[in-house]
Amino acid sequence: MRIAFCCTGTEPEPWLAGLRAALPQAQVALWQPGAGRADYALVWAPPQQFFDEQPQLKGVFAIGAGVDALLKLRLPPNATVVRLDDAGMAVQMAEYVCHAVIRHFREFDVYEAETRQGHWTSHKPRKRADFPVGVMGLGVLGQRVARALSQFEFPVNGWSRSPKALDGVRSFSGPAQLDDFLAASRVLVNLLPLTLDTQGIMNLATLSRLRPGGYVINVARGAHLVDEDLLALLDSGQLAGATLDVFRVEPLPPDHPFWRQPKITITPHTAARTLRATSIAQIAGKIEALERGESVVGRVDRGRGY
Ligand code: NDP
Ligand code: OXD
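Residues numbered from 1 in each chain as written. Chains lettered and ligands numbered in written order. Predicted model: local features only at pLDDT ≥ 70, side-chain atom pairs only at ≥ 80, totals over all residues. Heavy atoms only, no water.

A. Up close: the overall build of the chain. Regarding its fold elements, the chain presents nine helices and twelve strands. Taken against the 2.2 N^0.38 rule, which gives 19 Å for 306 residues, the C-alpha radius of gyration of the chain at 21 Å falls within 12% of a compact globule. The principal-axis extent of the C-alpha atoms belonging to the chain is close to 65 × 40 × 30 Å. Classification of the 306 residues of the chain by burial places 49% in the buried group. Long-range pairs, those at least 24 residues apart, make up 59% of the contacts in the chain with a sequence separation of at least 6. About 14,900 Å² of surface is accessible on the chain, with carbon and sulfur atoms providing 52% of the total. (Helix = DSSP H or I, 4+ residues; strand = E, 2+ residues; numbered from the N terminus. Rg over C-alpha atoms; globule rule 2.2 N^0.38 Å. Buried < 20%, exposed > 50% of the residue type's maximum accessible area, 1.4 Å probe, protein only. Contact = heavy atoms within 4.5 Å. Areas by Shrake-Rupley, 256 points an atom, 1.4 Å probe, with all protein chains shown as cover.)

B. Quick look at the pattern of salt bridges. With the rule as written, the count across this model stands at eight salt bridges. Linking E291 and K58 is a salt bridge whose minimum nitrogen-to-oxygen distance equals 2.9 Å. On the criterion of sequence distance, the pair formed by E291 in helix α9 (residues 276-291) and K58 in the loop between α2 (48-53) and β4 (59-62) is long-range, its members being 233 residues apart. Given the relative accessible area of 40%, E291 is considered partly exposed. (Salt bridge = Lys/Arg side-chain N within 4 Å of Asp/Glu carboxyl O.)

C. Quick peek at the environment of A223. Within the secondary structure, A223 is located in the loop between β10 (214-218) and α8 (227-235). A223 sits in the partly exposed class, given a relative accessible area of 22%. With 78 residues separating them in the primary sequence, A223 and V145 have C-alpha atoms 21 Å apart. Ignoring sequence-local partners within four residues, the contact set of A223 consists of L194, Q199, G200 and R248.

D. View of the site of ligand 2. For ligand 2, the full set of nearby residues is W44, G64, A65, G66, M89, R221 and H269. In the model, an oxygen atom of ligand 2 is placed 2.8 Å from a nitrogen or oxygen of the R221 side chain. Relative to its free-state accessible area of 210 Å², ligand 2 is covered by the protein chains to the extent of 84%. In terms of residue class, the shell around ligand 2 is made up of three nonpolar, three polar and one charged. (Near = heavy atom within 4 Å. Polar contact = N/O pair within 3.5 Å; in protein donor to acceptor, adjacent residues only side chain to side chain. Nonpolar A, V, L, I, M, F, W, Y, C, P; charged D, E, K, R; others polar.)

E. How the structure looks around the packing of aromatic side chains. Taken as a whole and assessed by the stated rule, the structure comprises nine aromatic pairs. On the basis of an interplanar angle of 65° and a centroid distance of 5.1 Å, the ring pair of F105 and F131 is categorised as edge-to-face. Placement of F105 in helix α3 (residues 89-105) and of F131 in the loop between α4 (108-116) and β6 (133-136) is noted, with a sequence separation of 26 residues between them. F131 matches F105 in its accessibility class, with the two residues each being buried. Judged by centre distance (5.2 Å) and plane angle (80°), the rings of F105 and F154 are edge-to-face. Within this pair, whereas F105 is found in helix α3, its partner F154 is found in the loop between α5 (140-151) and β7 (156-160), the two being separated by 49 residues in sequence. The exposure class of F105 is buried, given its relative accessible area of 4%. (Phe/Tyr/Trp six-rings, centres within 6.5 Å; stacked < 30°, edge-to-face > 60°.)

F. A look at the pairing of β6. Both faces of β6 are covered, namely the face carrying V133 and V135 and the face carrying G134 and M136. Sheet analysis places β6 next to β7, joined by four bridges and oriented parallel. Across the sheet, M136 pairs through a bridge with W159, a residue of β7. The pairing of β6 with strand β9 (residues 187-190) spans four bridges and is classified as parallel. (Pairing = 2+ DSSP bridges.)

G. Expanded view of the sheet that holds strand β1 (residues 2-7). The strand order across the open sheet formed by five strands is β2-β1-β3-β4-β5, and the pairing between neighbours is parallel. A strand with exactly one partner marks an edge of an open sheet, and here the two such strands are β2 (27-30) and β5 (80-82). Each strand axis lies, on average, 20° off the axis of its neighbour in the sheet, ignoring direction. Bridge count for β1 against strand β3 (residues 40-44) is five bridges, and the pairing is parallel. Pairing of I3 across the sheet is with Y40, part of β3. Across the sheet, helix α1 (residues 12-22) is in contact with β1, β2 and β3; its angle to β2 comes to roughly 175°. (Axes fitted to C-alpha atoms, helices over the stretch in contact; angles between N-to-C directions.)

The following block contains the structure:
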């Protein structure tokens, strides 16, 4: 069995060594233009040339959870496309989102600014009931985030394509229930995949439906958010702030107005990182399962876009 590794922006050697150790029967190689044909591939931001030269691939494994960029390429017609299924990302995402929600709810950002100025001031405690959190996307990551938030006793709403029954989460589904979901939420967490249906979903109309003093946490993809609409709602005071990990252009260009808006907290696409050892173990297990003719979880539905 031959495995090609084609991941832009990733140091290949530790991945190649890990894959060789996990699958000693396989020939694992870093892809170079003109390389021999492989059975399986591990990819992140591969060039189109890679797939054009490898039409026989049986399986394509993204070393991330989001496959929006991958699905824009012409892929081998018969390849099973598989994304990472948690692989250590869900707990990181739960940490990130809980940190952002709690920092805003408890006003830790305000306290930090005040104590830096030498001010000893305490603020009236805010009520958790006044901060219902809406999680858009209740998949592998969204469900873990919703569970963590409900353990902190925030009221949690969730919105997905199909209805869900999750303890401590009020479920909304489909376009018909989006307005009700937004109206019931004050903090909005985006964990949707980027698809034709979800691009630009956080815009003037939808963000205006949040409860007054709304707060936006975008950890999915930059193209879910209409940047100008967020800025307008922050300027008008309708939204209280935002924590953004993902952007339409990454790295966020130095002249982008988000850098200068003090109500926006920026992190550099780091909410949930791919963990190499866990990911290799997961992918190796799935390659073995596919070789045995079994099905695997995390299979991407190309038509659905995630
Ligand atoms: P999943 O595919 O497991 O879950 C997607 C969820 O979104 C599902 O609940 C799905 O509904 C819902 N959904 C999809 N389309 C729609 C729609 N049109 N309307 C309503 N709900 C919809 O994805 P993950 O949880 O694994 O990951 C989510 C995203 O997080 C990734 O696509 C990626 O962009 C981003 N990400 C960001 C990282 C970071 O570091 N910032 C790291 C990793 C991922 P249903 O359940 O009904 O199918
Ligand atoms: C992912 C990401 O999709 O890193 O895994 O954003």
